[in-house]
Each structure stands twice: as C-alpha cells, then as structure tokens.
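# Summary of structural features
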2 protein chains.
Amino acid sequence: MASLNISNDLIDKVKYDPQGLVTAIIQDYRDGRVLMVAYMNRESLAKTIETGQTYFYSRSRQTLWHKGETSGHVQYVKDLEIDCDGDALLFQVEQVGVACHEGLRSCFRSPDLEAQEGDRKNQDLEAEKSIDSIDREKNK
Amino acid sequence: MASLNISNDLIDKVKYDPQGLVTAIIQDYRDGRVLMVAYMNRESLAKTIETGQTYFYSRSRQTLWHKGETSGHVQYVKDLEIDCDGDALLFQVEQVGVACHEGLRSCFRSPDLEAQEGDRKNQDLEAEKSIDSIDREKNK
C-alpha cells in the first residue's frame, strides 16, 4: 500500500467537530461524480494518509471502518483538498467496484428515483407475495 | 424566483441530525467542481425548494442564511439528489461569481496550497512590516 504524498501536518490542521469528526466528501477522480459522504476522526485520517485508501469512522458502529474491507470495493485516494474553514475534506478517488452498499455506483440518487425505487421494492414485494400465493396454490 | 420541481415530501424524508441539520454538498453543474459544503435545516431546505436558490443554516450565527444575499453570489439550483441513508444532499448549481468568501471559486484547496497561502500571507505581513519601517524611517 502506498502512502499519500500529504504531510501529517494536515491531521492537526483539520478542525474536528465536538465528536472529533470531519466531513469527508468522496468524488470519482475520473468524471467528478460525487460517490458518498462519510466522516473521519484523527485516526481514520491518519490511516488514509498512511495507506492511500479511505478509512472512515462509523458513527453508528463507533469504530474505524476501512471502506471496501469486506466487499473489496476500496477507494484509492488520488488527491485531497481541505476547505477554507478546515472542517471538510474532499477526496478524489479511484473507486473499485461501487461506492454504495446498495450496489449502485453512487450513494446519491434523485428523490424521485428514490420514490420510484420505493415503488419498485413494493412491487417486488407484491410480486413475491403473488409467487408465494401461486406456490401455495401449487402445494395444496 | 422559480421554485424547484421537487416535491415537498423530500423535506420530511431527510434524516436530520440531533441539531436538526443535514449536510449539503454544492457542486458546479457545468464541470462537477465541488464548491462548498454547508448545512440546512428544514426551513432552509424549504426555502431552497421554494425559491430555487440555496439557503443554509449558519451554525456559527444560528440563523437562516441566503447564500449570496450580500455578495450577489447566489446559487441557482439545477438538480438535487439525496443519499441512500437520507442524511446528505447533493446540489448541482449555477454559481454566480464565486462560492468562497475568500474570493476563490471553490472553498476547497490543496493542503499544500493552503500552507503556501499561509507562507504568502506571512511574507505579505513581513513586506508590510518592511514598508512600515521604511515609512517610519522616511518620517523621522
């Protein structure tokens, strides 16, 4: 694993929130698609700089989280920027596979699509119910 | 002012944090440059949808904040997405002027550039001190 050519000074420069976290925006370096937003603490930022792959802090699980550790969908960091008030980071990454745990390239989608997705899931559920009914009919 | 073609249902769909805020990423719709990150509460999201321009919630001033109200550097919203867990929004905007209060297009910059910027400011300060010294010498 290759370390980033970024000074560790950055870790001290970031203004962490009261929970010790900084917002990290992940953008595909090839076409600028914003893939996801997550949070880093000092430890995960240090690991990201050290390894060149993204590590986050999971607020729900309250643990360090190596993105792609189980799925293989790691993110290789190509570039890193900090914003003017020091409380947000922007990462350009090469995404292996997809960023979203729902199997989509990006975690972002149209609110309408989300509604449609909800409809689709409901339809799938209805379809499954129908198939169940047919199966039950068959097995009578 | 044109309202966005987005259902108000979105306002209820967003998962606000304990402070009632949601992260808003602002991206230039022309070339995908991430311009800034800010926060919205229900009121500012509603105003954004109603007017088609970005309104944020200023955490420092604890007030609604119409981006560009004083500078004229407003942001016209072209598109809006929500992420898979509903706690972040991605806005595609047409930025009038620049996004950053420091006069730059984007709030994001290289940590090295920021260091250089710091150096430059220090150099400017040194230069100013020198000029002050010269002026003082002249006025002796």
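Cut-offs and rules
- Residues numbered from 1 in each chain as written.
- Chains lettered and ligands numbered in written order.
- Predicted model: local features only at pLDDT ≥ 70, side-chain atom pairs only at ≥ 80, totals over all residues.
- Heavy atoms only, no water.
- pLDDT = per-residue confidence, 0-100.
- Contact = heavy atoms within 4.5 Å.
- Buried < 20%, exposed > 50% of the residue type's maximum accessible area, 1.4 Å probe, protein only.
- Helix = DSSP H or I, 4+ residues; strand = E, 2+ residues; numbered from the N terminus.
- Least-squares fit on C-alpha atoms with pLDDT ≥ 70 in both.
- Pairing = 2+ DSSP bridges.
- Buried area = accessible area lost by both parts, 1.4 Å probe.
- Salt bridge = Lys/Arg side-chain N within 4 Å of Asp/Glu carboxyl O.
- Polar contact = N/O pair within 3.5 Å; in protein donor to acceptor, adjacent residues only side chain to side chain.
- Nonpolar A, V, L, I, M, F, W, Y, C, P; charged D, E, K, R; others polar.

## Observations concerning the confidence of the model for chain A
- Across chain A, the average pLDDT comes to 85, with 79% of residues at or above 70.
- Scored below 50 in pLDDT, residues 118-140 of chain A shows zero contacts in the model against residues more than four places distant or in partner chains.

## A closer look at helix α2 (residues 42-51) of chain A
Residues and elements named next belong to chain A.
- Residues of α2 that are buried include every one of S44, L45, T48, I49 and T51, and no others.
- For α2, the secondary structure elements touched by its buried residues are α1 (9-13), β2 (34-40), β3 (55-58), β4 (63-66), β5 (75-83) and β6 (88-95).
- Among the residues trailing α2, G52 stands out with phi positive, at a value near 80 degrees.

## A look at the relation of the copies chain A and chain B
- Under the fitted operation, chain A is carried onto chain B by 0.0 Å of movement along the axis and a turn of 180 degrees, and the coordinates agree to an RMSD of 0.0 Å. Taken together, these values place the two copies in the relation of a two-fold axis. Identified as the residue of chain A closest to the rotation axis by C-alpha distance is G32 of chain A, at 2.7 Å.
- Comparing interface residues between copies, 100% of those in chain A also sit at the interface in chain B, which points to an isologous, same-surface contact.

## Focus: the sheet that holds strand β1 (residues 22-28) of chain A
- Pairing within the open sheet is mixed, and its five strands lie in the order β2(A)-β1(A)-β6(A)-β5(A)-β7(B). Looking at the sheet topology across the chains shown, the edges are occupied by β2 of chain A together with β7 (108-109) of chain B.
- Note: β5 of chain A against β7 of chain B, two bridges, orientation antiparallel. Along β7 of chain B, the bridge assignment pairs D83 of chain A with F108 of chain B.

## With respect to the interface of chain A and chain B
- With 31 residues of chain A at the contact, the number on the chain B side is 31 residues.
- In total, about 2,600 Å² of surface goes out of reach between chain A and chain B, with carbon and sulfur atoms giving 57% of it.
- Our count for the contact surface shared by chain A and chain B stands at four salt bridges.
- Residue R59 of chain B pairs with D87 of chain A through a salt bridge whose shortest N-O separation is 3.1 Å.
- Summed over the shared surface of chain A and chain B, the number is 14 residue pairs in polar contact (both at pLDDT 80 or more).
- Broken down by secondary-structure element, the contributors of at least two residues to the side of chain A that touches chain B are α1, β1, β2, β5, β6, β7 (108-109) and α3 (111-138) of chain A.
- Element by element, the count of residues in the side of chain A that touches chain B is highest for β5 of chain A, at four residues.
- Grouping the amino acids of the side of chain A that touches chain B by side-chain chemistry returns 17 nonpolar, five polar and nine charged.

## Details of the sheet that holds strand β6 (residues 88-95) of chain B
- Taken in spatial order, the five strands line up as β7(A)-β5(B)-β6(B)-β1(B)-β2(B) in an open sheet, and their pairing is mixed. At either end of the open sheet lies a strand with only one pairing partner, and these are β7 of chain A together with β2 (34-40) of chain B.
- In terms of strand pairing, strand β1 (residues 22-28) of chain B meets β6 of chain B through six bridges, oriented parallel. The partner of Q27 of chain B across the bridge, within β6 of chain B, is Q92 of chain B.

## Description of the pattern of salt bridges
- The tally for this structure, following the rule as stated, stands at 16 salt bridges over all chains.
- With a shortest N-O distance of 2.8 Å, E81 of chain A and R33 of chain B are connected by a salt bridge. One end of the pair, E81 of chain A, is in strand β5; the other, R33 of chain B, is in the loop between β1 and β2, on a second chain.
- What makes E81 of chain A buried here is its relative accessible area of 12%.
- The partner of D28 of chain B in a salt bridge is R105 of chain B, with the nearest N and O atoms 3.1 Å apart. You can see D28 of chain B sitting in strand β1 and its partner R105 of chain B sitting in the loop between β6 and β7, a full 77 residues away along the chain.
- Salt bridges linked by common partners bring D28, R30, D31 and R105 of chain A together as one network.

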